[in-house]
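A closer look at the structure
If you want the building blocks of each chain, they are given just below.
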Amino acid sequence: MDLGLKGRRAIVSAASKGLGRACAMSLAGEGVDLVLNARSEDALEATAEDIRKAHGVKVTTVAADYNTDDGREAVFAAAGEPDILVTNPGVRQIPGDFNEWDKSDWQYWLDVHFFSSLQMIQKVLPGMRERKFGRIVNISVSFIKFPQQNFAHSHSARLALSGAIASMVRDVAPDNVTMNTVCPGFFDTDALHTNLHNHARRGNTTYEAIVENRLQSVPAGRFADPSECGDLVAFLCSAQAGFILGQNIINDGGVYQGLF
């Protein structure tokens, strides 16, 4: 299926690994030129080279911290006039007791999961509206719909972004700009397995037991391949997807649970 994206330009953050890399690869497969961002220069350059070899698109890399003003400015400057923005904070969630958090702790997670994406959206949005085409997809997490214990800080910040997007999209839809939030479940990434090992240590159990427990909650009985998320994001960026506005799309183990 031709998604009508050839020659478009996209920004993808946290693109060196995991879901960010998968989104970049799927967009490149549709002929989209890319500006990729991550903090680790070596991993980012390796991903960029893999994408160039696989799809022959132009790939520009910006090794910087997306969660800082300077980092976002560098990414935006490299992109010129992007048609697509895929925001992906790339910061692993850390559990904690909310009774021990002070304002600075809450502010950190708001900066990472809310303000960083919102401020980049504000940078790209005017040009998208003027050119009458724009696709913005925010990578969140399914737990904003099914919150976990001890993650109130990150879940609430991600939920704030989802709510803002659902409201903002009504203003930009007449200009052929869509904004969506994708909420992945358990995907087979390095980050997932690191988290599962950490869960096992905290729970004084084995990694294998944690994996079995998690798979019992996945309808498909498996961890999803990152390419499934990448392909979904590419579709949401297509010309054909202009009717999908401000939705939270949940994916768990390859089974799409619906639009909310």
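Reference entry: report on the structure contained in this document. Note that the coordinates shown come from a computational prediction; the quantities given were computed from them, not determined experimentally. (Residues numbered from 1 in each chain as written. Predicted model: local features only at pLDDT ≥ 70, side-chain atom pairs only at ≥ 80, totals over all residues. Heavy atoms only, no water.)

Observations regarding the overall build of the protein chain
Along the protein chain, the regular secondary structure elements total eight helices and eight strands. Taken across its 260 residues, the protein chain has 50% of its residues classed as buried. Contacts in the protein chain between residues at least 24 apart in sequence constitute 73% of all its contacts with a sequence separation of at least 6. Of the accessible surface of the protein chain, which amounts to about 11,700 Å², a share of 50% is contributed by carbon and sulfur atoms. (Helix = DSSP H or I, 4+ residues; strand = E, 2+ residues; numbered from the N terminus. Buried < 20%, exposed > 50% of the residue type's maximum accessible area, 1.4 Å probe, protein only. Contact = heavy atoms within 4.5 Å. Areas by Shrake-Rupley, 256 points an atom, 1.4 Å probe, with all protein chains shown as cover.)

Focus: the environment of Ala63
Mapped onto the elements, Ala63 comes out in strand 3 (residues 59-63). The exposure class assigned to Ala63 is partly exposed, which follows from its relative accessible area of 42%. In this structure the C-alpha to C-alpha distance between Ala63 and Ser16, which are 47 residues apart in sequence, comes to 9.8 Å. Sequence-distant contacts of Ala63, that is, excluding residues within four places in its chain, are made with Ala38, Arg39, Glu41 and Leu44.

Concerning the state of the cysteines
Within this structure, the stated rule accounts for zero disulfides. Looking at the unpaired Cys229, the closest cysteine sulfur is the one in Cys23, lying at 4.5 Å. What makes Cys229 buried here is its relative accessible area of 1%. Considering cysteine sulfurs only, Cys23 is the nearest to Cys237, which forms no disulfide, with 8.2 Å between them. Judged by its relative accessible area of 0%, Cys237 is buried. (Disulfide = S-S within 2.5 Å.)

A word on helix 5 (residues 152-172)
Taking 1.5 Å as the rise per residue, helix 5 with 21 residues should run 30 Å; its terminal C-alpha atoms sit 30 Å apart, in good agreement. The set of residues buried in helix 5 consists of His153, Ser154, His155, Ala157, Arg158, Leu161, Ser162, Ala164, Ile165, Val169 and Val172. (Expected span 1.5 Å × (residues − 1).)

Side note on unusual backbone geometry
Positive phi is not limited to glycine here, since Ala14 has a value of about 50°. Structurally, the position occupied by Ala14 is in the loop between strand 1 (9-12) and helix 1 (18-29). On the accessibility criterion, Ala14 (18% relative accessible area) is buried.

With respect to the pairing of strand 2 (residues 33-38)
Burial analysis of strand 2 places five of its six residues in the buried class, which makes it a mostly covered element. Bridge count for strand 1 against strand 2 is four bridges, and the pairing is parallel. Following the sheet pairing, Ile11 is matched in strand 2 by Val35. Between strand 1 and its parallel partner strand 2, the chain crosses via helix 1, and the hand of that crossover is right-handed. Note that strand 2 and strand 3 share five bridges and pair parallel. Residue pairing in the sheet places Ala38 in a bridge with Ala63 of strand 3. (Pairing = 2+ DSSP bridges. Right-handed = clockwise from strand over helix to strand, strands pointing away.)

Section: empty space enclosed by the protein
For the structure shown, the criterion picks out one cavity of 30 Å³ or more. In this model, the largest cavity occupies a volume close to 50 Å³. Together, Pro89, His113, Asn138, Ile139, Ser140, Arg158, Leu161, Ser162 and Thr181 line the largest cavity. Residue composition of the lining of the largest cavity, by class: three nonpolar, five polar and one charged. (1 Å grid on protein atoms, 1.4 Å probe; cavity = no way out; pocket = protein on both sides within 12 Å on 5 of 7 lines; lining within 4 Å. Points joined across faces, edges and corners; volume = space filled by probe spheres on them. Nonpolar A, V, L, I, M, F, W, Y, C, P; charged D, E, K, R; others polar.)

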